[in-house]
Amino acid sequence: MMKKIKKITKLIKWIFIILFGIGVVMLIWNFFCQRAEQHKVKNAYGQEIEVNGHSMVLDMKGEDNEITIILLPGWGSPSPILEFLPLAEKLSEEFRVITIEPFGYGLSDRVGTERKISVVVDELHECTQKLGCDRYYLMAHSLSGLYSLYWANAYPQEVAGFIGIDPSVPKQSDEEPLPISMVTLNRISAYFQKATNVFGITRLCSVGHPEKAIFADTSYLYSERELEVFRILSMDFAYNKDIMNELNHMEDNLESVRDMKFPASVPVLQFVSGDNCEMMETWEPLHREVIAETDKSEVLRLGGGHYLHLERQQEIVTKVRDWMQ
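Residues numbered from 1 in each chain as written. Predicted model: local features only at pLDDT ≥ 70, side-chain atom pairs only at ≥ 80, totals over all residues. Heavy atoms only, no water.

**A few points about the nonpolar core**
Note the cut-off: Among buried residues, those of type Ala, Val, Leu, Ile, Met, Phe, Trp, Tyr and Cys that are joined through side-chain atoms within 4.5 Å constitute a nonpolar core. Exposure categories follow from relative accessible area, calculated using a 1.4 Å probe and restricted to protein chains: below 20% of the type maximum is buried, above 50% is exposed, and the middle band is partly exposed. The criterion used for residue contact is that any of the two residues' heavy atoms lie within 4.5 Å.
Judged by nonpolar contacts, the single largest core of 54 residues is most densely connected at Leu58, Ile70, Trp75, Ile98, Ile100, Trp151 and Phe262. With residues near it in sequence (within four places) discarded, Phe262 still touches Ser148, Leu149, Ala152, Asn153, Phe162, Val268, Val290 and Ala292. In terms of nonpolar packing, the next biggest core, distinct from the first, is built from 22 residues, Phe84, Phe95, Met139 and Ile316 among them.

As structure tokens, this is what we get:
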């Protein structure tokens, strides 16, 4: 019996040593790959705007169109410009679409400041002011819905309307559909992804297949260059200190807009996920609750998950065009 125990113990020890060795090799390999690929993402897309002494990157399409839409990403997007590129291109046929990468996102600088809602909105607003935007629609996915709500109340004279793509809303954390909070779940998911990135697992799985490292519209024909940049940003830049700091402030930011509604002068078009509505009974009612203007505002439930701009893109574009008229 003792001999069997010793053999099992020895086997476990060797398995641990082998796995540890593989981990070290993968870590070193991934580190040198990161260093070698840094130049590939430098100035890969967009234009830079200086905000508070740092570089904020944006992409503008349909520049000659009269109506402006400011497109804002959900939390943790590795490259908002590339993620929303298919949607922006379709919308730009009739609108001027400006996709902004907040600090910590995509190619924008990492700034190391506390990511409170007031700070984030002030930075984004300054970016739009430097572009000369004095009247625009805000179009936001997920967490940026909270920023848009705060923004519309801070600058109601500028915001012509709000379009939400399954956006975050006040009081959403009052009903948690899972045994753990969504913030905690996001944190676990982020650290797991960081670990797979650091140890090169994501890089290894996506060699020759960059689409495996990104979360994007699979029907859109990205160029090889765009896919590679998207892949590198997803592996080497995602969930940085600014993004994690933003997550740490998420509950406080939710609380800061708890009693807010969009101003009565701001019409609202909300696209809400059917999957989330089934998981949370209050999801659709909460999106109606933030609306003060009732003549033009709408809440539309679309079948699909949280990333409706990937799953139901054409329906969103068609509805936005009709709603703007």
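**Concerning the pairing of strand S3 (residues 68–72)**
Counted only if it meets this: Numbered from the N terminus, helices here are DSSP runs of H or I no shorter than four residues, and strands are runs of E no shorter than two. Two strands make a pair as long as DSSP finds a minimum of two bridges between them.
With respect to burial, S3 is a largely interior element, five of its five residues being buried. In S3, alternate side chains face the same way, and those of Thr68, Ile70 and Leu72 on one face and Ile69 and Leu71 on the other are all buried. Where S3 meets strand S4 (residues 96–101), four bridges bridge the pair, whose relative direction is parallel. Directly across from Ile69, in S4, lies its bridge partner Val97. Direction of pairing for S3 relative to strand S5 (residues 136–141): parallel, over a ladder of four bridges. Paired with Leu72 across the strands is Ala140, a residue of S5.

**Quick notes on the layout of surface pockets**
Under the convention used in this document: Think of a 1 Å grid over just the protein atoms. A cavity is a set of points where a 1.4 Å probe fits yet cannot get out, a pocket is an open set with protein on both sides within 12 Å along at least five of seven lines, and lining residues have an atom within 4 Å of a point. Grid points are joined across faces, edges and corners, and a volume is the space filled by probe spheres set on the points. Gly falls in the polar group here, along with every residue not listed as nonpolar (Ala, Val, Leu, Ile, Met, Phe, Trp, Tyr, Cys, Pro) or charged (Asp, Glu, Lys, Arg).
The space that makes up the largest pocket amounts to roughly 1,200 Å³. As for the largest pocket, its lining consists of 46 residues, and the residues nearest its centre are Trp75, Ser142, Asn186, His306 and Tyr307. When residues of the lining of the largest pocket are traced back to their parent elements, those giving at least two are helix H6 (182–198), helix H8 (224–236), helix H10 (250–256) and helix H11 (274–279). Broken down by element, the lining of the largest pocket gets its largest block of residues, nine residues, from H6. Residue composition of the lining of the largest pocket, by class: 24 nonpolar, 17 polar and five charged. Its volume calculated, the second largest pocket comes out at about 210 Å³. Lining of the second largest pocket is provided by 15 residues; of these, Val41, Lys42, Asn43, Glu48 and Leu107 occupy positions nearest its centre. Those elements that provide at least two residues to the lining of the second largest pocket are strand S1 (47–51) and strand S2 (54–61). In the lining of the second largest pocket, the residues fall into six nonpolar, six polar and three charged.

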